[in-house]
Amino acid sequence: MQAKQSIREKANWAWGKAIWTWLPASDREAGDSIVRNFLLHWFPAKVSRESLSWNYSFWLGTISAILFLILTVTGTFLMFLYVPSVERAYLSVKDLEYTVSFGWFLRGLHRISAHLMVAVVFLHMVRVFLTAAYKNGAAVNQNRPVNWIVGVVLLLVTLFLSFTGYLLPWDQLAYWAITVGTNIASAAPVAGEWMRFILLGGNTIEQNTLIRFYVLHCFFLPLIVLALFSYHMWRVRKDGGLACVDKEALAQKKEKVAPIKSKTYSLLGITSGVTVHVETSLVDEDKHTVQSSPNLTRRLLLVTLATLAVASILTFIFHAPLEEPANPAITPNPAKAPWYFLWLQELVTITTFSIGGFTINGALIGGIIVPGILVAAAILWPYFDKSPARSTGVWFAKERRRQNMIFLLVVLFILVLTIVGTFLRGPYWNFYWPWESWPEMPRKF
Ligand code: HEM
């Protein structure tokens, strides 16, 4: 009896660690539910009202993280059924589609969530730029530019994660999209061919490539995303919360009220001989902050359910394609890279031209130089942005009008090229309006 009781007590204790009071009756209970709970303890006990608003961050970073979670869960189940060998890969995906119960849904949800994640991470970057959330504001010990750079790396890893997954069904779509994608990358001077060789495990896409892409896709790249994401979140907290909080902090500075030193990391302080503290940007906590439980937890649950619902509905509407098995001897015309690299494929086409018998290599300009400049500019931008701190966390701050214009023009340029490459290119990469029919040709892309 005694032993039974203690097992029940232990179970209750474990359950208590995993759940929390949904509607805390007091501030004390609200605070406790955050700090005592295993899942919630990485949130602050209180958050600013502004950062909870729907139309500051649009919760795009949170949605990216939820999509990553959906991908991890569905991907784990897919691993039970998928076989990474050129003889069996296609057949195992076909089994998933037509034989395994709800296999089509599992595969479809994974695929849609991967597409959505690429798009949402990109939109998250656009919102961070337009709100100047990569700038330091009023509090000490901030380093938002570093978090922006971590973000740029996260975007690149997300693209690569999606690209490596693209090959796995081993159908014509997968095979040729990866062929086009890796051909673009091989145009890099000096190291291009070598990089392609290392990535493919040879000169052509075959078994070595499949197993490399599989290991990168299922193990290394998700781990890198997880590690970078954890650092990303830690930095958000260390920087005093979302950048919109700094607006209020600056307003208070004008009132000449000193910020409070809210948290001391005493052990760290003892070892380094100083008291390391985080100065919250806010003084008047009652005015600017609310309890995370239930204000943040409820919104988080809502965003999670909405993301899952949208991804599921899209899975029903857009069935994941599966073409004929990969065939290196039959090249589809046109052969297209995955949609998020089509702007590069388009750029390669428009920068390839001849002057007096001399051909300009579009693959180098469009595939390497332009994207290289864009990534370098993205990394360095926070250090060149000299706009005043009051524009931090403000949508379309007037002091940053010119920067926002330049950024939006680049975004527009990428979007237009993506649309042209996706919808308006036909056989031999010729231009066709949607209402124009293509000449008799296998219509595969
Ligand atoms: C896997 C990709 C990513 C995930 C899961 C992620 C997740 C998040 C989350 C959850 C937040 C908190 C607030 C919010 O929802 O906006 C955030 C904030 C932030 N993210 Fe990301 N992020 C990713 C990629 C990026 C990228 C590509 C950039 C920029 C290049 C970026 C830069 C930032 C910055 C600077 C903040 C602080 C924003 C502020 O203070 O207002 N992140 N991220």
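Computed from a predicted model, the values in this text were never measured in an experiment.

Caption draft 1: Quick peek at the overall build of the chain. When helices and strands are tallied, the chain shows 18 helices and six strands. Taken along its principal axes, the extent of the C-alpha atoms in the chain is 70 × 70 × 45 Å. Across the 445 residues of the chain, 44% fall into the buried class. Taking the contacts inside the chain whose residues are at least 6 apart along the sequence as the reference set, 72% of them involve residues at least 24 apart. For the chain, the computed accessible surface area is about 24300 Å², with 69% contributed by carbon and sulfur atoms.

Caption draft 2: Highlighting unusual backbone geometry. The omega torsion of the bond from S293 to P294 falls at 15°, within 30 degrees of zero and hence cis. With respect to the secondary-structure elements, P294 resides in helix α15 (residues 292-317). Even without being a glycine, W59 presents a positive backbone phi close to 55°. Inspection of the secondary structure puts W59 in the loop between α4 (54-57) and α5 (60-79). Positive phi, normally seen in glycine, also occurs at A132, with a value near 50°. When you line up the elements, A132 lands in the loop between α7 (103-130) and α8 (144-166). When its relative accessible area of 0% is taken as the criterion, A132 is described as buried.

Caption draft 3: Representation of the packing of aromatic side chains within the structure. By the definition in use, this model includes 26 aromatic pairs. Look at F129 and Y134: their rings are 5.6 Å apart centre to centre, the planes differ by 50°, and that puts the pair in the tilted class. For the pair F129 and Y134, one class covers both residues: buried. Judged by centre distance (5.6 Å) and plane angle (50°), the ring pair of W395 and F396 falls under tilted. Judged by relative accessible area, which is 48%, F396 ranks as partly exposed. A network of ring pairs unites the aromatic residues F129, Y134, W148, W381 and F407 as a single cluster. Note that R111 overlies the ring of Y166, its terminal NZ or CZ placed 5.5 Å from the centroid. Lying over the aromatic face of F129, R400 brings its terminal NZ or CZ to 5.0 Å of the ring centre.

Caption draft 4: Examining the environment of A397 more closely. Within the element layout of this structure, A397 appears in the loop between α17 (362-384) and α18 (401-423). When its relative accessible area of 6% is taken as the criterion, A397 is described as buried. Residues A397 and A132 lie 265 residues apart in sequence; the distance between their C-alpha atoms is 8.2 Å. Setting aside chain neighbours within four positions, we find A397 in contact with S391 and N404.

Caption draft 5: Structural context of the side chain of S312. With respect to the element layout, S312 can be found in helix α15. Looking at S312, the relative accessible area reads 16%, which means it is buried. Residues within four places of S312 in sequence aside, it is in contact with F105 and L109.

The rules behind these values
Residues numbered from 1 in each chain as written. Predicted model: local features only at pLDDT ≥ 70, side-chain atom pairs only at ≥ 80, totals over all residues. Heavy atoms only, no water. Helix = DSSP H or I, 4+ residues; strand = E, 2+ residues; numbered from the N terminus. Buried < 20%, exposed > 50% of the residue type's maximum accessible area, 1.4 Å probe, protein only. Contact = heavy atoms within 4.5 Å. Areas by Shrake-Rupley, 256 points an atom, 1.4 Å probe, with all protein chains shown as cover. Phe/Tyr/Trp six-rings, centres within 6.5 Å; stacked < 30°, edge-to-face > 60°. Lys NZ or Arg CZ within 6 Å of the ring centre and 35° of its normal.

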